[in-house]
Amino acid sequence: SKHCVELENRTANVTVKPFDLDTGFQFELHVTVSGKKINVSEIPDLPIPKDWMRDKLELHFYKTEQAAGGGEIKNVTYNKGSGTAVITFLKPG
């Protein structure tokens, strides 16, 4: 648990200590599918930045490619105020 780190010609002794991460969020999405776009509604207003939510939506719908339901994402438009998003895929499916 003890390490020696060199930074800018200086040596620092550091100790690694465990810490607790904040618990994640679980929520339900309502989805409407149409060719290359998916409309997502009722996204809950979570205390995370808009960019994080957009990234989470993109990752979720990209990951579902292995489950025959997603694919490569072209664009994610997220509206925090209305709790909606539009996911646009590169290919229809």
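Residues numbered from 1 in each chain as written. Predicted model: local features only at pLDDT ≥ 70, side-chain atom pairs only at ≥ 80, totals over all residues. Heavy atoms only, no water.

Describing the pairing of strand S2 (residues 10-15)
Item 1. Within S2, only 0 of the 6 residues are buried, leaving the element largely exposed.
Item 2. Two strands pair when backbone bridges link them, and strand S1 (residues 2-7) and S2 are joined in this way by 6 bridges, in the antiparallel orientation. Its bridge partner being in S2, Lys2 is matched across the sheet by Thr15. (Buried < 20%, exposed > 50% of the residue type's maximum accessible area, 1.4 Å probe, protein only. Helix = DSSP H or I, 4+ residues; strand = E, 2+ residues; numbered from the N terminus. Pairing = 2+ DSSP bridges.)

What to know about the confidence of the model for the protein
Item 1. Model confidence for the protein is summarised by a mean pLDDT of 80, while 77% of its residues fall at 70 or above.
Item 2. Mean pLDDT across the elements of the protein bottoms out in strand S3 (residues 30-34) (66) and peaks in strand S5 (residues 73-79) (92). (pLDDT = per-residue confidence, 0-100.)

Here's the deal with the environment of Glu42
Item 1. With respect to the helices and strands, Glu42 occurs in the loop between strand S4 (37-41) and helix H1 (50-63).
Item 2. When its relative accessible area of 54% is taken as the criterion, Glu42 is described as exposed.
Item 3. The spatial distance from the C-alpha of Glu42 to the C-alpha of Gly83 is 5.4 Å, given a sequence separation of 41 residues.
Item 4. With near-sequence residues (within four places) excluded, Glu42 lies in contact with Glu28, His30 and Gly83. (Contact = heavy atoms within 4.5 Å.)

Regarding the pairing of S4
Item 1. Judged by which residues are buried, S4 turns out to be one-sided: Ile38 and Val40 face inward and are buried, whereas Lys37, Asn39 and Ser41, on the alternate face, are not.
Item 2. Alignment of S4 against strand S6 (residues 84-89), held across 4 bridges, turns out to be antiparallel. Pairing of Val40 across the sheet is with Ala85, part of S6.

Let's talk about a nonpolar patch on the surface
Item 1. Judged by side-chain polarity, Val5, Leu7 and Val14 come together as a nonpolar surface patch covering roughly 220 Å² of accessible area.
Item 2. Its location among the elements puts Val5 in strand S1.
Item 3. According to the relative accessible area criterion, Val5 is partly exposed, its value standing at 30%. (Patch = residues over 30% accessible without salt bridge, like charges linked within 9 Å, V, L, I, M, F, W, Y side chains within 5 Å. Areas by Shrake-Rupley, 256 points an atom, 1.4 Å probe, with all protein chains shown as cover. Salt bridge = Lys/Arg side-chain N within 4 Å of Asp/Glu carboxyl O.)

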